[in-house]
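# Commentary on secondary and tertiary structure
So you can see what is in the structure, the chains are spelled out below.
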Amino acid sequence: LIPLPVCAACKFDLIYQFAGVHHMPTADEHSKFISNMLALLECNGVLFVNDRTGRKVWSALFRQVLDLKQEQKLARYVESKDGYFE
């Protein structure tokens, strides 16, 4: 996965990822995706992920990676009752 093409110093308060997450079939790809997004977020910034396609499959991998990032104190997350991650 290639990081977003923005300058290394650019930071954002909010990144909204709409679809595409279901195309990442491995935990490693989810980890790279999350690391790339975290690198662009301001402290206390929000990464909102919305991808309803194949949600039951990708959300389990995504949750696994987020749990690890949370244990490492690199991120925290909230999962809505509908399965959306923020």
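Residues numbered from 1 in each chain as written. Predicted model: local features only at pLDDT ≥ 70, side-chain atom pairs only at ≥ 80, totals over all residues. Heavy atoms only, no water.

## Here we look at the overall build of the protein chain
Along the protein chain, the regular secondary structure elements total two helices and two strands. Listing each helix as α and each strand as β along the protein chain from the N terminus yields β-α-β-α. Relative to its full complement of 86 residues, the protein chain shows a buried share of 31%. Considering only contacts within the protein chain whose residues lie at least 6 apart along the sequence, 73% involve residues at least 24 apart. Approximately 5,700 Å² of the protein chain is accessible, and the part contributed by carbon and sulfur atoms is 58%. (Helix = DSSP H or I, 4+ residues; strand = E, 2+ residues; numbered from the N terminus. Buried < 20%, exposed > 50% of the residue type's maximum accessible area, 1.4 Å probe, protein only. Contact = heavy atoms within 4.5 Å. Areas by Shrake-Rupley, 256 points an atom, 1.4 Å probe, with all protein chains shown as cover.)

## Quick word on helix 1 (residues 27-38)
With 12 residues, helix 1 ought to run about 16 Å at 1.5 Å a step, and its terminal C-alpha atoms sit 16 Å apart, in line with that. Considered for burial, the residues of helix 1 that qualify are His30, Phe33, Ile34, Asn36 and Met37. Viewed along the axis of helix 1, the buried residues span an arc of 160°, placing them on a single side of the element. (Expected span 1.5 Å × (residues − 1). Arc of directions from axis to C-beta.)

## Section: the side chain of Lys69
Within the secondary structure, Lys69 is located in helix 2 (residues 55-71). As a buried residue without a salt bridge, Lys69 has its nearest oppositely charged side chain in Asp28, at a separation of 8.8 Å. Once residues within four sequence positions are removed from consideration, Lys69 is found in contact with Ser31, Ile34, Ser35, Leu74 and Ala75. (Lys, Arg positive; Asp, Glu negative; His and termini not counted. Salt bridge = Lys/Arg side-chain N within 4 Å of Asp/Glu carboxyl O.)

## A look at a nonpolar patch on the surface
On the surface, Leu14, Tyr16 and Phe18 cluster together into a nonpolar patch covering about 370 Å² of accessible area. Tracing the sequence through the fold places Tyr16 in strand 1 (residues 12-18). Residue Tyr16 is classed as partly exposed on the basis of its relative accessible area, which comes to 45%. (Patch = residues over 30% accessible without salt bridge, like charges linked within 9 Å, V, L, I, M, F, W, Y side chains within 5 Å.)

## Digging into the pairing of strand 2 (residues 41-50)
Where strand 1 and strand 2 come together, six bridges link them in parallel fashion. Opposite Ile15, over in strand 2, you have Leu47 as the bridge partner. Between the parallel elements strand 1 and strand 2, the chain passes through helix 1 in a crossover that is right-handed. (Pairing = 2+ DSSP bridges. Right-handed = clockwise from strand over helix to strand, strands pointing away.)

## Quick notes on the environment of Asp51
Within the fold, Asp51 resides in the loop between strand 2 and helix 2. On the basis of relative accessible area, Asp51 is assigned to the buried category, the value being 2%. Each C-alpha atom, one on Asp51 and one on Gln17, is 8.0 Å from the other, the two residues being 34 residues apart in sequence. Excluding residues within four positions of it along the chain, Asp51 makes contact with Ala19, Gly20, Val21, His22 and Trp58.

## Re the environment of Asn44
Within the element layout of this structure, Asn44 appears in strand 2. As for Asn44 and Ala75, which are separated by 31 residues in sequence, their C-alpha atoms are 9.0 Å apart. One polar contact links Asn44 to Arg76, side chain to side chain, over a distance of 3.2 Å. (Polar contact = N/O pair within 3.5 Å; in protein donor to acceptor, adjacent residues only side chain to side chain.)

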